Every structure is written in structure tokens, then in C-alpha cells.
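Chain residues, written in single-letter form:
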Amino acid sequence: MTDNKLDYIDLDTYYQEKSPAEILEYALEKFDNIAISFSGAEDVVLIDMAYKISPERVHVFSLDTGRLHSDTYQFIEKVRQHYNIEIDVMYPEAEAVQKLVREKGLFSFYQDDHKECCSIRKIAPLRRKLLTLDAWVTGQRRDQSPGTRAAIPVIQEDQAFARPGATLTKFNPLANWSSSQVWHYIRSNNVPYNELHDQGYVSIGCEPCTRAIGPNQHEREGRWWWEEATKKECGLHAVNIEQVSK
Amino acid sequence: MKITLVKKIKADGSPCKKCNDVIQKLEESGNINKIDEILIADERDPASDGMVLANKLSVERAPFFVVEETGKDPVVYTVYFKFVKEVLDQETSDAAAAQEILNDNPDLDFL
């Protein structure tokens, strides 16, 4: 296990300097059983890059929470047709959704927080999908949320979703790209994009939890705006004893 | 097989809420008897047993479980429900497991 971790650290260090396309190329060469997670937003650039590397190796899945914008459904279909690829759309368990809605209504996330709903509609289907894979690719970027994504590696071992006794590798090829770099790629390469972006939506998730933002607002402000910024509680941070005692 | 649980004391000296929740669940289910050793990772003391073990195994969050078997590399579990299902071979709720994963990985909701 320690050896595996060292490998990931070395690989991440090496690929930190590489372009997203180079990271994707390595991922697609290294793993047969790998898929791209596509949210129906600007992470479409990953599909475009992968398609240019090897069209027959592009495997994509999307999480349909049942609450996406109509524009997002249309965009997912547009991408499917544009690249002539299969998109494996994952759905939440009907029973779990019914239980949540029966007990807490359709908008419980405004009263509690979004995590219970996200767990049922997004994380559980994601988990089901990842149990079938050896590696996955996300469009996560460091600049999306300084609070929770400040230290995203480009390659990491994904212990949370791995099959029992197996290793799952997670690639974040866009980790070091900024939003403007992503959009430069989209426009330079005529990549199709979700029309919600033209209406001021920067980060796109479920319809009730996403809103357009204004100039100079961080994209995180377009998601779950009624909640305080999430604080990480479970990290282990050694304190500098000398600093504390001063 | 030896099972070690590492729980955290936060930098301000307060106990970690999730660690307490996990221990409560272990006690309620009777599984606490299957834990051979509980170590403290005190964020104020890098030399505390739990911090040393976390550093050795490159674990960046707590609580976590370490399962050791003769002749095998130690296996680390940072997700409680995964540990219960895979090591203790007990059924767990998918919804509860998903929520624990999201709580521990808040960046995932942005997918």
C-alpha cells in the first residue's frame, strides 16, 4: 500500500507539469476500464480532448439527478450526437428519492443543506458506477472552490470509491487550468457548450441549486448560495507547536 | 487480524465530531469489541501515536482504521461504512455510506 501511495505521489508530481491532454493520453493508455465523468457543463473539454486522442477509447458517464436544467439534458444529448459516443447516464435509486421526498419534501436542501439530497441523487449513483471501473476522469479544477479544491492532485488513488481489494485511480487533468483556460480551449476548438453559460451560469449543477452570477463573483457563489462555505473537518493538520505557544 | 482505530483531537483541543460519531456507532453495534487498539492523533502533538501512524501510512484524515494481517500490507479505511462492510462483513445503508463519502469529500458535490 505504501508503495502504491509513493507511485501516486511520484506520478502526480511528474504530471503536474503536463498539459491536460498529456495527462488524458497517459490515462487512456494506462487503463482500459476508464471513463470520463461528464456533468453537462464545461467539462465537455475532456470529451473533446479524449476524442482527439483516441475516439474509440472515449467512455463517458453522466449523473442524472432528476433535477438538472432542461438545457443541460439537451446539451448532454448534443454532445452524444456531436461526438457519436455512448453516454452512460446514471440515475438515483427510486426508493431512496421517494423516501427523501416523502419525509422532507422536494426542496429539503433549502432547509437542511444540500448534502443529503446530493448523497442520494449524485453520490450513490456515482459510487455504483465507480464500482465497475479501474479509473475515472473528472473536470475538477482548483479554482472552482478555493475552500475544498485548493489541493486537488492531477492523479490520485481514490480510496473512497474503490472496489473491495482493488485500486481505483482518479485523474483530474484540468486541476491546474483556470476557468479562462477552459473557455479559451472551448472557443478555439469550437467545442459545443451548454447554453446556460450564455445566460450567466458559470458553474452548472441541479436547477434548484444553481443560479447565474454577476461580474467578479466567484463561480462557487452560483451554487448553494444559501449555505455558508463548507469547512473541512476531517483533515489532519499538525500544528506548529512553537507558533501556538507564542 | 489486528484492527486499529485512530481518532483525532483537533488543534484547539476539542474532540473530532466524526470520531465521536464513529465510536458511538461502534459501541451501539457492539463492534467496539472488535477494535484491538485506539490511538489518538493529536493535531497539537505531531509525535502522538495516531499522528505518527497517519504520517507513516500517508493518511490525511481521521478517524481511520488500519487492518493488519500477517504477511500482508496494512489496509487503511477512511470511510466507516466501507470498513464495516468489507472488514466486519456487515450490511450497510447505501445512502448513509454516500453521505459519509460526501461529508469527507466536499469537493464531490461540485461534480
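Residues numbered from 1 in each chain as written. Chains lettered and ligands numbered in written order. Predicted model: local features only at pLDDT ≥ 70, side-chain atom pairs only at ≥ 80, totals over all residues.

1. Here we look at the overall build of chain A
Worth spelling out the cut-off: Starting at the N terminus, helices and strands are each numbered in turn, a helix being any DSSP run of H or I of at least four residues and a strand any DSSP run of E of at least two. To assign burial, the other C-beta atoms lying within 10 Å of each residue's own C-beta are counted, with C-beta atoms placed from the backbone; 20 or more indicates buried, 12 or fewer indicates exposed, and intermediate counts indicate partly exposed. Any residue pair is listed as a contact if its two C-beta atoms, each placed from the backbone, are within 7 Å.
Helices and strands together make up the secondary structure of chain A, namely nine helices and six strands. Here chain A, with 246 residues, has 38% of them falling under the buried criterion. A fraction of 68% describes how many contacts in chain A between residues 6 or more apart in sequence connect residues 24 or more apart.

2. Re the sheet that holds strand β1 (residues 2-9) of chain B
All names here are of chain B. The criterion, for reference: Strands qualify as paired when DSSP identifies two bridges or more between them. Angles here are taken between N-to-C directions and fall from 0 to 180 degrees, while the axes themselves are lines fitted to C-alpha atoms, restricted in helices to the stretch in contact.
In spatial order, the strands read β2-β1-β3-β4; together these four strands make up an open sheet with mixed pairing. Of all strands in the sheet, those with a lone pairing partner are β2 (37-42) and β4 (75-77), marking the two edges. With strand direction ignored, the average angle separating the axes of adjacent strands in the sheet is 25°. Note that strand β3 (residues 64-68) and β4 share three bridges and pair antiparallel.

3. Some details on the sheet that holds strand β4 (residues 135-137) of chain A
Residue and element names in this part refer to chain A. Taken together, six strands build an open sheet; the order of strands is β3-β2-β1-β4-β6-β5 and the sheet is mixed. The sheet is open, and its two borders are formed by β3 (87-90) and β5 (155-157), each paired with just one other strand. The mean angle between the axes of side-by-side strands here comes to 25°, regardless of whether they run parallel or antiparallel. Pairing of strand β1 (residues 34-37) with strand β2 (residues 60-63), which is carried by two bridges, proceeds in the parallel orientation. Bridge assignment links Ile36 to a residue of β2, and that residue is Val60. Against the sheet, helix α2 (residues 20-30) touches β1, β4 and β6 (169-171), its axis set at about 155° to β4.

Everything listed here is a matter of coordinates, which is why it stays silent on function.
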